[in-house]
Amino acid sequence: MNPGRDSGARMALSGRRAFLGLAASAVGGVLLAPGIHLVEIAQAAVPGAATTGANPKVRWGLLIDTKKCATGCTDCVDACNSENGLSGLTGPTDAQWIRKVEIKEFGTGRTQSLPVMCQHCAEPPCVDVCPTGASFKRTDGIVLVDRHSCIGCRYCVMACPYKARSFVHEPLTNQKPDVPRGKGCVEGCTLCVHRVDKGQGPACVEACAKAGHQAMLFGDLNDPASAIWIRIREVSTMQLRADLKLDPGVRYEGLT
Amino acid sequence: MRQVRRRAVARRAAVAIALACAALSGHVPALANDLVMNRGLGPTIERARGEKCVADPAFMRRNHMDLLKHQRDETVHLGVRDAPASLKACIGCHASTATGSVAVAKTDFCVSCHSYAAITIDCFECHASKPQASASLPLNHPQAGTVPSKQVAQWRQNSAQAPGIR
């Protein structure tokens with residue numbers, strides 16, 4: 001038996017199946033009444049895709065209320081570090097997945113504090129520049145690095161306007177079973193994807209809520225019934241560097 | 001006359017040896033397998049916690065790397081977690097009772113075999129080789145024997161056609 005060839009054949013078969021399914025639904029779409037979109041049919045044609053793993057109908061996002069985010073509070077950063085096994089050091093070669101940024105208006109001296117992490121863009125530049133396809137966006141909008149194919153070139157680090165990616169310079173030990181990390185790879189906020197897949201929210205959001213700040217809200221930006229969607233419709237929110245048209249999944253409230 | 005007789009004897013001996021070799025050749029790999037796996041010439045394999053693996057041990061010996069590689073892409077890209085062939089599930093059952101790991105000591109499950117086979121694995125440069133401290137270790141694999149039944153069936157069929165080292 002040749003397992004490599006076998007799995008290759010299986011992949012090719014599943015690819016053909018997916019194409020045939022899509023083609024069949026395209027034919028169906030032509031015949032069906034207006035208002036029923038092709039995309040919905042195509043998604044419905046893949047049983048099990050929505051029940052396990054990333055759901056393509058979902059877009060995970062965060063809403064951060066900077067009015068409630070206190071200067072000097074690092075609850076979210078600490079939670080991220082302990083959840084993902086980061087050292088918590090902030091030297092030039094230490095990985096930081098989330099950091100607190102203090103901004104000050106020169107004229108009035110008004111200060112604001114906000115956490116900045118991977119913004120999980122809909123059009124992520126890190127994915128565009130990655131030469132190996134290691135930097136990718138999951139169907140539910142979470143931008144990740146596949147460390148198995150990351151070669152550590154750090155193009156994504158350069159491309160990210162939010163400075164959200166870190167490079168691991170030193171060999172690591174005692175990684176978390178849910179969060180494999182290693183030397184030579186680029187990494188960044190995963191939106192705690194291992195927790196999200198279990199139906200939980202990111203560690204930073206949980207820690208912020210537990211401490212009573214309630215400055216972070218996690219949810220599905222595509223679901224009109226979700227708290228985050230309702231809030232974004234109600235109040236004015238902004239995306240960092242909206243001029244770049246990357247459509248970040250992280251939004252900020254009260255940031256002026 | 002003597003020369004002719006000698007030649008005939010030599011020919012008969014050669015034929016006998018050839019026949020013996022042919023008869024044995026089918027058993028040699030099995031014999032080698034037996035020596036390696038059952039008579040202490042192979043790596044030391046510590047007993048796992050679970051009662052039953054996700055597939056036959058013989059199948060796993062040959063194909064675990066393919067299962068793991070397939071599963072890693074499903075997990076990273078599609079978010080399919082807690083699948084039968086996940087590395088975490090393997091570590092959960094196979095972590096040594098002495099070291100609590102599959103790759104710390106030379107006798108630990110993964111390292112023991114891979115050093116015997118002279119294969120360097122780099123899984124544990126990134127992945128934790130110990131199960132989650134809080135997680136209770138399964139006495140039986142939740143998906144014991146369930147895994148990739150198609151692959152297992154194919155492998156059984158192939159190995160029935162061509163017996164040898166499994």
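Remember, predicted model here, so these are calculated numbers, not experimental data.

### Remarks on the environment of His114(B)
Residue and element names in this part refer to chain B. Within the secondary structure layout, His114 lies in helix α5 (residues 109–116). The class for His114 is partly exposed, based on 15 C-beta atoms found within 10 Å. Taking C-alpha positions, His114 is 8.7 Å from Pro43, a pair spaced 71 residues apart along the chain. Apart from residues no more than four positions distant in its own chain, His114 is found in contact with Ile119 and Ile121.

### As for unusual backbone geometry
Residue and element names in this part refer to chain A. Phi is positive for Cys192, close to 50°, though the residue is something other than glycine. Topologically, Cys192 is positioned in the loop between β7 (186–187) and α6 (193–196). Even without being glycine, Asp247 reaches a positive phi, approximately 50°. Look at Asp247 and you get partly exposed, because 16 C-beta atoms sit within 10 Å.

### Remarks on the confidence of the model for chain B
This prediction gives chain B a mean pLDDT of 78; 63% of its residues lie at or above 70. Predicted as a complex, the structure gets a pTM of 0.74 and an ipTM equal to 0.75.

### Regarding the sheet that holds strand β10 (residues 250–253) of chain A
Pairing between the strands of a sheet is mediated by backbone hydrogen bonds and can be parallel or antiparallel. All names here are of chain A. Taken in spatial order, the four strands line up as β8-β1-β10-β9 in an open sheet, and their pairing is mixed. For this open sheet the edge positions go to β8 (216–220) and β9 (237–238), each flanked by a neighbour on one side alone. Across the sheet, helix α8 (residues 227–234) is in contact with β1 (60–65), β8, β9 and β10; its angle to β8 comes to roughly 110°.

### Concerning the confidence of the model for chain A
All names here are of chain A. Residues of chain A with pLDDT of at least 70 account for 80%, and the chain-wide mean is 86. Overall, residues 1–11 carries pLDDT values under 50, and its contacts beyond four positions in sequence, including any with other chains, amount to eight contacts. Considering only residues more than four positions removed or in separate chains, one finds that residues 24–32, a stretch of pLDDT under 50, has eight contacts.

Procedures and definitions
Within each chain, residue numbers correspond to sequence positions counted from 1 in written order. The naming scheme follows written order: chains are lettered A onward, ligands numbered 1 onward. In view of the model being predicted, local features appear only for residues whose pLDDT reaches at least 70, and side-chain atom pairs are presented and counted only at 80 or more, with totals across whole chains, interfaces and linings using the full set of residues. Segments assigned H or I by DSSP are reported as helices when at least four residues long, segments assigned E as strands when at least two residues long, and all are numbered from the N terminus. For the exposure call, what matters is how many other C-beta atoms sit within 10 Å of a residue's own: 20 or more marks it buried, 12 or fewer exposed, and in between partly exposed, using C-beta atoms placed from the backbone. The contact criterion used is a C-beta to C-beta distance within 7 Å, with each C-beta placed from the backbone. In predicted models, pLDDT denotes the confidence assigned by the predictor to each residue on a 0 to 100 scale. Two strands make a pair as long as DSSP finds a minimum of two bridges between them. Axis angles are defined between N-to-C directions and span 0 to 180 degrees, where every axis is a line fitted to C-alpha atoms and, for a helix, only to the segment in contact.

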